[in-house]
2 protein chains.
Amino acid sequence: MASARQISGPCQAWPEDGAFIREVLDRIGDKWTVLVVSTLSAGVLRYSDLQASIPGISQRMLTQTLKHLERDGLISRTAYAEVPPRVEYELTDLGRSLLEAVSAMADWAATHHREIAGNRAVSERTGVGRGRASAGAARE
Amino acid sequence: MASARQISGPCQAWPEDGAFIREVLDRIGDKWTVLVVSTLSAGVLRYSDLQASIPGISQRMLTQTLKHLERDGLISRTAYAEVPPRVEYELTDLGRSLLEAVSAMADWAATHHREIAGNRAVSERTGVGRGRASAGAARE
DNA sequence: CTGAATCCCGACGGATACTG
DNA sequence: CAGTATCCGTCGGGATTCAG
C-alpha cells in the first residue's frame with residue numbers, strides 16, 4: 001500500500017463486514033509497525049532503545065510509527081521532563097492484543113512459507129507469475 | 001514499503017522467527033490482495049466478475065494481484081481457449097487457509113475498531129498523533 | 001473478454017541537518 | 001536524548017491505450 005488512501009472514493013468492499021480491516025491492514029502492512037510492536041513486547045523501552053533494537057529504521061519512520069501507534073491507543077508514551085530528556089514507550093492492552101493477532105498471522109506464515117516459496121519457485125521456472133517479480137530485464 | 005528493499009543491508013529483525021512474516025504482510029498489506037481473496041471465497045470467478053465485484057480496482061492492479069496470488073499458489077488460473085476468451089480463478093487450499101488467517105485479523109479488527117476509533121478521536125482533540133494523518137492543514 | 005504496455009502523479013520512506 | 005523539518009529518490013498504482 002503506497003499511495004491512494006483517501007483519494008479514490010468508494011473503495012470499501014466486503015459487503016457486510018466493513019472497512020476497518022483495511023484500517024488495520026494499512027497499519028500492520030507498513031514496513032515498521034509490526035517490528036516496533038513486537039519489539040515493544042519486551043517491555044518498556046526508550047526511543048533510543050527502539051532505534052537500536054530495530055536495525056534499519058530511521059528517526060523519521062520510528063517517530064512516525066510511534067505517533068500512529070500512540071494515536072490509535074496501541075502504545076503509551078511517557079515523557080519525563082528531565083535535563084537529558086527521557087521518553088518511554090509501552091504497549092497498551094490493546095497493543096498487546098494486536099500483537100497476539102499478528103502472532104497468529106506469523107504463525108500462519110511460519111506454517112506455509114515453505115509451501116509458498118515452493119510454489120513461487122515453480123512459477124518462476126514455468127514462467128507463470130512473470131508480472132514483475134524477478135524476471136530481471138523486462139525492458140530496462 | 002516503497003523503496004528500500006535490497007539497498008540497505010540488514011533489515012530483517014525479529015531475532016529468531018524469520019522474515020516470512022514480512023513476505024506475508026507485504027502480500028496482504030497491499031490494497032487489493034485481501035479484497036481479491038475474500039471475493040474469491042465465493043467460488044470460481046472470471047476476470048470480469050472479479051473486476052465487477054471489486055469496485056475501485058483497475059485492470060492493472062487486478063491482473064498484477066492475480067499474478068502474485070497465482071505465483072504464490074494461493075489461487076489457480078484456468079484459461080479456456082475459446083473465441084471469447086474465458087479465464088477462471090479459484091482459491092486453492094492454501095489460499096483458503098490464508099483467508100481463514102485473514103478472517104482472524106478481520107475478527108480482531110471488528111472487535112477493536114471502535115476502541116481504536118475512540119482513541120484516535122481523543123488523540124485528535126488532545127493533539128497527540130499530529131504526525132500526518134488527518135489534521136488536514138499541517139502546512140499546505 | 002483478458003490482458004500487456006506506457007505515462008505519470010503522488011505517497012512512502014531514507015538521509016541529512018537543525019532544535020529544545 | 002528525542003524529536004522536527006526538508007530534500008529527494010523510488011515505487012505503488014490509477015488512467016489510458018494497444019494487442020490477441
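If you're wondering where the values come from, they're calculated on a predicted model, not measured in any experiment. (Residues numbered from 1 in each chain as written. Chains lettered and ligands numbered in written order. Predicted model: local features only at pLDDT ≥ 70, side-chain atom pairs only at ≥ 80, totals over all residues. Heavy atoms only, no water.)

Undergrad: So, the overall build of chain A: which residues are in play, and what are the values?
TA: Regarding its fold elements, chain A presents five helices and three strands. In sequence order, the secondary structure elements of chain A are arranged as α-α-β-α-α-β-β-α. A separation threshold of at least 6 residues defines the contact pool for chain A, and within that pool the share at least 24 residues apart is 43%. Within the structure as shown, chain A displays about 7700 Å² of accessible surface, and the carbon and sulfur contribution to it stands at 51%. (Helix = DSSP H or I, 4+ residues; strand = E, 2+ residues; numbered from the N terminus. Contact = heavy atoms within 4.5 Å. Areas by Shrake-Rupley, 256 points an atom, 1.4 Å probe, with all protein chains shown as cover.)

Undergrad: I'd like to hear about the sheet that holds strand 1 (residues 45-46) of chain B, residue by residue, with values.
TA: Residue and element names in this part refer to chain B. Sheet architecture is open: three strands sit in the order 1-3-2, paired in antiparallel fashion. Edge positions in the sheet fall to strand 1 and strand 2 (75-80), since each of these pairs with one other strand and no more. Examined bridge by bridge, strand 2 and strand 3 (residues 86-91) share six bridges and lie antiparallel to one another. Each bridged residue has a counterpart across the sheet, and for Tyr80 the counterpart in strand 3 is Arg86. (Pairing = 2+ DSSP bridges.)

Undergrad: Could you give me a rundown of helix 2 (residues 33-40) of chain A, with the residues and numbers involved?
TA: Judged by how many residues are buried, helix 2 of chain A sits mostly within the fold: eight of eight residues are covered. By the burial criterion, the buried members of helix 2 of chain A are Thr33, Val34, Leu35, Val36, Val37, Ser38, Thr39 and Leu40 of chain A. (Buried < 20%, exposed > 50% of the residue type's maximum accessible area, 1.4 Å probe, protein only.)

Undergrad: How would you sum up the environment of Gly56 of chain A? Please name residues and give values.
TA: All names here are of chain A. Take Gly56: it is sitting in the loop between helix 3 (47-53) and helix 4 (59-71). For Gly56, a relative accessible area of 33% gives the class partly exposed. Taking the C-alpha atoms as reference, Gly56 lies 17 Å from Ile28; in sequence the two are 28 residues apart.

Undergrad: Lay out the confidence of the model for chain A with the relevant residues and their values.
TA: Residue and element names in this part refer to chain A. Here chain A averages 82 in pLDDT, while 79% of its residues score no lower than 70. Contacts from residues 1-12, a stretch scored under 50 in pLDDT, to residues over four places away or in other chains number 17 contacts. pLDDT under 50 marks residues 131-140. Its contacts with residues more than four places away, or in other chains, come to eight contacts. (pLDDT = per-residue confidence, 0-100.)

Undergrad: For the packing of aromatic side chains, give the residues involved together with the corresponding values.
TA: The final tally for this structure, using the stated rule, is zero aromatic pairs over all chains. Its end group placed over the ring of Tyr80 of chain A, Arg86 of chain A keeps NZ or CZ at 4.2 Å from the ring centre. (Phe/Tyr/Trp six-rings, centres within 6.5 Å; stacked < 30°, edge-to-face > 60°. Lys NZ or Arg CZ within 6 Å of the ring centre and 35° of its normal.)

Undergrad: Can you lay out the sheet that holds strand 1 (residues 45-46) of chain A for me, pointing to particular residues and giving the numbers?
TA: Within a beta sheet, neighbouring strands are joined by backbone hydrogen bonds and run either parallel or antiparallel to one another. Read from one edge to the other, the open sheet built from three strands follows the order 1-3-2 (chain A), with strand pairing classed as antiparallel. Only two strands of the sheet have a single neighbouring strand rather than two, namely strand 1 and strand 2 (75-80) of chain A.

Undergrad: Residues and numbers for the pattern of salt bridges, please.
TA: Applying the stated criterion across every chain, the model contains 18 salt bridges over all chains. Its salt-bridge partner being Glu23 of chain B, residue Arg120 of chain A comes within 2.9 Å of it at the nearest N-O pair. With Arg120 of chain A in helix 5 (residues 93-126) and Glu23 of chain B in helix 1 (residues 20-29), the pair connects residues from two separate chains. For Glu23 of chain B, a relative accessible area of 41% puts it in the partly exposed group. Shared partners join several salt bridges into a network, and the residues in it are Glu23, Arg27, Asp30, Arg71 and Asp72 of chain A together with Arg120 of chain B. (Salt bridge = Lys/Arg side-chain N within 4 Å of Asp/Glu carboxyl O.)

Undergrad: Go over the pairing of strand 3 of chain B with me, naming the residues and quoting the values.
TA: As defined by bridge partners, strand 1 of chain B adjoins strand 3 of chain B across two bridges and the pair is classed as antiparallel. Pairing of Arg46 of chain B across the sheet is with Glu88 of chain B, part of strand 3 of chain B.

Undergrad: If you had to explain the side chain of Arg71 of chain A to someone new, which residues and values would you point to?
TA: Mapped onto the fold, Arg71 of chain A is located in helix 4. Classification of Arg71 of chain A as buried rests on a relative accessible area of 4%.

Undergrad: Outline helix 5 (residues 93-126) of chain B, listing residues and values.
TA: All names here are of chain B. The end-to-end C-alpha distance of helix 5, which contains 34 residues, comes to 47 Å, matching closely the 50 Å that a straight helix rising 1.5 Å per residue would cover. At His112, helix 5 shows its maximal bend, which comes to roughly 50 degrees. Phi turns positive one or two residues past the end of helix 5, at Gly127, with a value near 70 degrees. (Expected span 1.5 Å × (residues − 1). Bend = angle between axes of the 7 residues up to and from the residue.)

Undergrad: With reference to specific residues and values, describe the environment of His68 of chain A.
TA: Within the element layout of this structure, His68 of chain A appears in helix 4. Residue classification places His68 of chain A among the buried positions, given a relative accessible area of 10%.

Undergrad: Quick rundown of the environment of Arg96 of chain B? Include the residues and the values.
TA: Position of Arg96 of chain B relative to the elements: it lies in helix 5. For the pair formed by Arg96 of chain B and Ala19 of chain B, sequence separation is 77 residues and the distance between their alpha carbons is 22 Å.

Undergrad: Help me get a handle on the packing of helix 2 (residues 33-40) of chain B against helix 4 (residues 59-71) of chain B, residues and values and all.
TA: Angle between the axes and distance between the axes: these two values describe a pair of packed helices. Residue and element names in this part refer to chain B. Packing of helix 2 against helix 4 brings their axes to within 10 Å, and their N-to-C directions diverge by 75 degrees. Between helix 2 and helix 4, the angle is such that the two are roughly perpendicular. Residues Thr33, Val36 and Val37 of helix 2 lie in contact with helix 4, whose contacting residues are Leu62, Thr65, Leu66 and Leu69. Class assignment for the residues of the contact of helix 2 with helix 4 results in five nonpolar, two polar and no charged. (Axes fitted to C-alpha atoms, helices over the stretch in contact; angles between N-to-C directions. Parallel < 35°, antiparallel > 145°, perpendicular 65-115°, else oblique. Nonpolar A, V, L, I, M, F, W, Y, C, P; charged D, E, K, R; others polar.)

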